[in-house]
Amino acid sequence: MKNLLLAASIMLLLPLVMFPQETEEPTAVLEYFGDEYEIQVFDIDGNRIEEIFYGMDLMPGDRIKTGRTAAEIRLDPNGSIIRLSSNTEFVIESLQKDEQSANEFTLFGGKLRAIAAKFGLFKRNNYSIQTPSAVAGIRGTDFGLEVIPSASDSAFVFEGEIDYTSLTSGESLRLGAGQFADALAPSFEALALSTGNFAALYRDLQFEALVPAEVPGYQPPTVETGSDSEPAAEPEPEPEISEPAEESAFMRYLSEHLGMEIGTVTIDGLTFSKFILQPAFNIGDFKLGLYLPIIYNTDLFDPEDWYKPDDNYEWSFGTDQDNSADAARDALKDLVLKIRYIEYGDNRDPFFLKAGNVNNVTLGHGIIMNRFANDTDFPAIRRVGLNTGFNADKWTIESVFNDLAEPEIMGGRIGYRPLGRTLPLGFGISSVTDIAPAADLDDKAGDPLFLHTALDTEFPLMERDNFSLVGFADIGTMLPYYREDYTGSFGTVSAGWQSDFIYDDSEDNLLERLQNYGWASGIFGNLSILNYRLEYQYNKGLFAHGFYGPTYERQREQFARDLGELIPLSSSLQEVTRGIYGQAGFELENLLMLEAGYRWAWDDEGFDDTADLFHLMATVPRIPFIPVSASLGMDTVGFVDGIESNSLFDERTALFGELVYSFAPNLQIAAVVTNFVSEDEAGNKEADFAVSIETRVSF
């Protein structure tokens, strides 16, 4: 009987011995993300997963892309955790199932921190993260990786050790706590992180939902400074939070949606203090930003001491008006002035809209409106402009207004692609008008109206992923209208349309009859990451290429007066000015964005230093391991003349630059430089530039 029971027991246990129970299938769990509209997940076939939620399982082959948000992932049942910073692209290649396999990942761009479990399901936990230029092999380590394409590919260790191997040279380094290395640096070597850089990186990569102390074998980081005279620095331990608390969620919401500026601003040559709240809200492609300023002389709490542009007390909302009609208008204007921007989509989407500070607006290829801006003198002069449009398969419509409260400069373009998007051969007609360029002049200079019209076409010559070449041609003219007679130094301009300005039938030759027009032809496209543009410009008479440009709002009164003086002489002022304009730009993600252009202009007498043009846009979003960013923008006509006459920063130039130092993720100090134009009591304009220091806070 005993033998029978023993045999039965063996028979029951035999399947368990021969076929052991399967271990729990490993998964990666998406435990946290800050904004569901700023994170994307794609499966192994490249299909976007529409429903993203806390606790969703991520499978091998899944690709995670973060925009302006962070994300946190937990390996289950391993216990390791990973934090992805904003603007990061990360792929889960495989998850460890046994001691012969490994947790393998790829970081294509951005920044992450990983805390790898030392102990767990297997005796040996294997980890590997590959970047475009290196591979990091890890065992029980707290470390980070940062990839800035074509610029840097670096690893840094908070605690433990990693093996960091360059894919280019094959060299391998052992990095310990407080060390970093860059696989794209001229010398591939382990270097010591300074205490300040170590602490800054550590702060920037704090976990919000996951708890490092719960990772098996986790040890809080310590770092040696590399100097015998300095003690080891220990960053503050991460907060032990079992789950996101209400307070942290609320503070996170404030940090994403509420900003504040404290500093100074120069207006008309005078320096004011400023206190500005700037709430911002994003819902998918819809973005809203408000501008709630108090700009004051000496007393923040005295409304009588606040700056009032054009004597308008913008916080009165009509209460300082005498009648209901004026009160309603003033209330509406004051309300509109609180809008910094309203945005939906961009100009490649089926519908796009941007209201508020409108800048860099170009119609067609820019022959009449090129990089127009309504905020050159912001915040001294605030306007709520509008740029909106539709894009269908064959038709495009775009419109622009300089100020919705008092629209004076407005225009638009209608484009047609006969073959749709399959072959982007296109034609377009644009028109822009300024209905009151002399509104601020005492004598009104005849109260003119400017009307510009242009035709444009473009035709693709070559379309490849890494190389494109598109040809284009534009022609445009200007037709002034005067509401009143105007007598200037050289004669009288009669009220009405000035048709003789564009066509003089007294000339025998048809081409000579056409007056005051311009045309341009050229190519644009890209060569790998380089965007380029090259064009020939031809201007006859008083026509100016890109008339509505970045500084037009500053110069419109002077244009109105000059035109009234010159119209009686226009038939004899039909000289031709030619120009060659070249522009190039490129973008290295998270490192540098640069665009520069120059127009060499000449007439029958040679180089015309009053018609050449210089354009520059440069941005350094982040310097590796240094919490500093910078940007500089400049547009000017008459570049060489400005240098030679020491008047480069006059009303012809729009200049903006800033240098920002981040003390913490929610605290920045910025030095801002701008140029401005002030006007004395006699109406004479004087140009200067100002530097201001401001503190920017997010809560």
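Residues numbered from 1 in each chain as written. Predicted model: local features only at pLDDT ≥ 70, side-chain atom pairs only at ≥ 80, totals over all residues. Heavy atoms only, no water.

1. Re helix α6 (residues 552-566)
As a reminder of what qualifies: At any given residue, the bend is defined as the angle formed between two axes, one fitted to the seven residues that end at that position and one fitted to the seven that begin there. Strands here are runs of E lasting at least two residues and helices are runs of H or I lasting at least four, both read from the DSSP assignment and numbered beginning at the N terminus. Between buried and exposed lies partly exposed: a residue is buried under 20% and exposed over 50% of the maximum accessible area for its type, with that area taken using a 1.4 Å probe on protein chains only.
The largest bend along α6 measures about 30° and falls at Q558. Restricting attention to buried positions, one finds in α6 the residues Y552, E553, R554, Q555, R556, E557, A560, L563, G564 and E565.

2. A word on empty space enclosed by the protein
Regions of empty space are outlined by a rolling probe, equal in size to a water molecule, passed over the atoms. Filter applied, for reference: Points on a 1 Å grid over protein atoms alone make up a cavity when a 1.4 Å probe fits among them but cannot get out, and a pocket when they form an open set with protein on both sides within 12 Å along at least five of seven lines; lining residues each have an atom within 4 Å of a point. Grid points are joined across faces, edges and corners, and a volume is the space filled by probe spheres set on the points.
Counted by the stated rule, this structure contains three cavities of 30 Å³ or more. Considering only enclosed or pocket space, the largest cavity measures out at about 90 Å³ in volume. Taken together, 13 residues form the lining of the largest cavity, with P293, I295, Y307, E314 and W315 sitting closest to its centre.

3. Thoughts on the pattern of salt bridges
Applied cut-off: Every case where a carboxyl oxygen of Asp or Glu lies within 4 Å of a side-chain nitrogen of Lys or Arg is listed as a salt bridge.
Taken as a whole and assessed by the stated rule, the structure comprises 28 salt bridges. Its salt-bridge partner being E694, residue K274 comes within 2.6 Å of it at the nearest N-O pair. On the criterion of sequence distance, the pair formed by K274 in strand β18 (residues 270-283) and E694 in strand β41 (residues 685-698) is long-range, its members being 420 residues apart. On the basis of relative accessible area, E694 is assigned to the buried category, the value being 4%. Of the charged contacts in the structure, one is a salt bridge between R652 and D650, with a shortest N-O distance of 3.1 Å. On the basis of relative accessible area, D650 is assigned to the buried category, the value being 12%. Put simply, E261, K274, E658, E694 and R696 are held in one network by salt bridges that share partners.

4. Here's the deal with the environment of G642
Short version of the rule: Contact between two residues is taken to exist if any of their heavy atoms lie within 4.5 Å; hydrogens are not considered.
Tracing the chain through its elements places G642 in helix α7 (residues 639-644). Here G642 falls in the buried class, since its relative accessible area comes to 1%. Separated by 32 residues in sequence, G642 and T610 place their C-alpha atoms 8.2 Å apart. Those residues in contact with G642, other than ones at most four positions away along the chain, are S647, L648 and R652.

5. A closer look at the side chain of E658
Keep this limit in mind: Here a polar contact is recorded for every N or O atom pair within 3.5 Å, except that within protein the pair must consist of a potential hydrogen donor and a potential acceptor, and residues adjacent in sequence are included only if both atoms are side-chain atoms.
Mapped onto the secondary structure, E658 falls in strand β39 (residues 653-664). Engagement of the side chain of E658 in a polar contact is seen with the side chain of R696, the distance being 2.7 Å. Among residues more than four places away in sequence, those in contact with E658 are S629, A630, S631, A671, V672 and R696.

6. Thoughts on the packing of aromatic side chains
Test applied: Aromatic contacts are taken between Phe, Tyr and Trp rings whose centres are within 6.5 Å, Trp giving its six-membered ring; a plane angle under 30 degrees counts as stacked, one over 60 as edge-to-face, and the others as tilted.
The final tally for this structure, using the stated rule, is 26 aromatic pairs. Taken together, a centroid distance of 5.3 Å and an interplanar angle of 90° make the contact between F158 and F198 edge-to-face. Taken together, the residues span a long stretch of sequence, with F158 in strand β12 (residues 152-159) and F198 in helix α2 (residues 195-204) at a distance of 40 residues. Summarising the burial analysis for this pair, F158 and F198 share the class buried.

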